[in-house]
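A structural walkthrough
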Amino acid sequence: MENKKRVAFYTLGCKLNFSETSTIARNFQEEGFERVDFEEVADMYVINTCSVTENADKQFKQIVKKALKLNENAFVAAVGCYAQLKPEELAAVDGVDLVLGATEKFKITDYINDLSKNDMGEVHSCEIEDADFYVGSYSIGDRTRAFLKVQDGCDYKCTYCTIPLARGISRSDTMEGVLKNAQEISAKGIKEIVLTGVNIGDYGKGEFGNKKHEHTFLDLVTQLDKVEGIERLRISSIEPNLLKNETIELVSKSRAFVPHFHIPLQSGSNAILKKMKRRYLRELYVDRVNKIREVMPHACIGVDVIVGFPGETDEHFLETYHFLNELDISYLHVFTYSERDNTEAAEMSGVVPKNVRAKRSKMLRGLSVKKRRAFYESQIGTSRTVLFESENKEGYIHGFTENYVKVKTPWNPELANTLHEIKLSRIDDDGSVRLEFLNVEV
């Protein structure tokens, strides 16, 4: 099999995109393509796009340039969220040959004929109403963990978000599909699975291609906890209104689920939450955090927050700041609000100047550093299990405890992708934690 066509992939955005890129790449390999690194010369470059931040647009152009520098005759395809929302815009970028929307991206090999370049990017993008079927996927790189997609799309109407426009209605994999993928992953010797989706707490909806469903997110975690061979399961990000007490209880007693939750808050001001059309108020959020702390005092709790939403005054922002400062959480992911076409928020008055958005973002990032430090300090002296990564970073190997404390120890290739009982001993200058081994093998 000489001269196999070579294909390379670049993924922007979320863990869900990474899992879908992996599935698309496996389709190419089944069609006889050889997958190579994006830094290498390839016959075709596939860029999986994101629509969540402003920079995604700029990044896209840079990535296309990079690909064409490696091979000016390469065939360049854009898929994913941005490709669904603004296909014509991407097709107009110099050197782009093919743009595929939400449903077409999984059939990409059907759209490529002879890889000869087009004068103008060819667009195939469905009406988003047609994005109603489900394609299961999971990603495994050289990673010690895999991202397993269980759900896609969203029925929520948050006023700042384009995801429903880019990914369509909420729909789920069947229970059998998820369990089969989980078993395939564990058979490959991967120790940790991270559950991912657009709105995973909504799992079950659209399981049979309609709104009828027999399973819930609680059923899903209950069944996954029983899959043999998986050492660790992690819930990526779950809406506070969908994180039920029963799920929190299950995680606290679970064999494989780890005590780590990532719960989007977006604002600590009820007035702003209402403008965002979020489905809860701050009181419910406090309730979720307290429930987790009650049954898992050592759990790691991460928070998403958006600053600079239209109408966010200094008072609203300080409300958010003080709310988070007092809340027993472990770290923040801070997003600076950016206008998105075809969203309600883009039409709202009370636009917050960019420099004010930047200042607020900086304040919350500072708070996040403080929160993470306090969380790490609270864990010093405790015994945990660590899963080591497989990379040598400046003579050290890093890993994460079950409750998401980042640890490091001098590089030893035999530790890669293994689990060890350790004691957390002290915080290093770089903010990660040093450890003592409690045993040689788990």
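Above this note sits the structure.
Residues numbered from 1 in each chain as written. Predicted model: local features only at pLDDT ≥ 70, side-chain atom pairs only at ≥ 80, totals over all residues. Heavy atoms only, no water.

**Re the sheet that holds strand E12 (residues 232-235)**
Sheet strands pair by backbone hydrogen bonding; their relative direction is either parallel or antiparallel. Note the threshold: Whether two strands pair depends on DSSP finding at least two bridges between them. Numbered from the N terminus, helices here are DSSP runs of H or I no shorter than four residues, and strands are runs of E no shorter than two. Note on contacts: a residue pair is in contact if any heavy atoms of the two residues lie within 4.5 Å. For helices, the fitted line uses only the C-alpha atoms of the stretch in contact; every axis is such a line through C-alpha atoms, and the angle between N-to-C directions lies from 0 to 180 degrees.
Across the sheet, which stays open at both edges, the four strands sit in the order E7-E8-E11-E12 with mixed pairing between neighbours. On the outer flanks of this sheet lie strand E7 (138-139) and E12, each paired with one strand and no other. Of the pairings in the sheet, the one linking strand E8 (residues 145-149) to strand E11 (residues 192-196) comprises five bridges and is parallel in character. In the sheet register, Lys-149 faces E11, and the bridge partner there is Thr-196. Docked against the sheet, helix H7 (residues 175-187) engages E7, E8 and E11, running at close to 165° with respect to E8.

**Digging into the packing of aromatic side chains**
We apply this condition: Between 30 and 60 degrees the pair is tilted, below 30 it is stacked and above 60 it is edge-to-face, where a pair is any two Phe, Tyr or Trp rings, Trp via its six-membered ring, whose centres lie within 6.5 Å. The classification of residues rests on relative accessible area computed with a 1.4 Å probe and restricted to protein chains. Under 20% of the type maximum is buried, over 50% is exposed, and intermediate values are partly exposed. Two thresholds decide whether a charge sits over a ring: the Lys NZ or Arg CZ must be within 6 Å of the ring centre and within 35 degrees of the ring normal.
In total, this model carries eleven aromatic pairs according to the counting rule given. Judged by centre distance (6.3 Å) and plane angle (50°), the rings of Phe-375 and Tyr-376 are tilted. Each member of the pair, Phe-375 together with Tyr-376, is buried. Centre to centre, the rings of Phe-400 and Tyr-404 are 4.6 Å apart; their planes meet at 15°, and the pair counts as stacked. When its relative accessible area of 15% is taken as the criterion, Phe-400 is described as buried. We classify Tyr-404 as partly exposed; its relative accessible area is 25%. Ring pairing ties together the aromatic residues Phe-9, Phe-28 and Phe-33, which thus form one cluster. A cation over a ring is seen here: Arg-26 above Tyr-138, with NZ or CZ 4.3 Å from the ring centre. The ring of Tyr-396 is capped by Lys-408, whose NZ or CZ atom sits 4.1 Å from the centre of that ring.

**As for a negative patch on the surface**
Cut-off, in case you're wondering: Patches were defined on residues exceeding 30% relative accessible area and lacking a salt bridge, with like-charge contacts within 9 Å and nonpolar side-chain contacts (Val, Leu, Ile, Met, Phe, Trp, Tyr) within 5 Å. Note on areas: these come from Shrake-Rupley sampling with a 1.4 Å probe, and a residue is covered only by the protein chains present in the view. By definition, a salt bridge exists where a carboxyl oxygen of Asp or Glu is found within 4 Å of a side-chain nitrogen of Lys or Arg. Charge counting treats Lys and Arg as positive and Asp and Glu as negative, with His and both chain ends excluded. Charge coordinates come from a single atom per side chain, which is NZ of Lys, CZ of Arg, CG of Asp or CD of Glu.
A cluster of like negative charges, contributed by Glu-127, Glu-129, Asp-130 and Asp-132, occupies part of the molecular surface. Its place among the elements puts Glu-129 in the loop between strand E6 (122-124) and E7. On the basis of relative accessible area, Glu-129 is assigned to the exposed category, the value being 59%.

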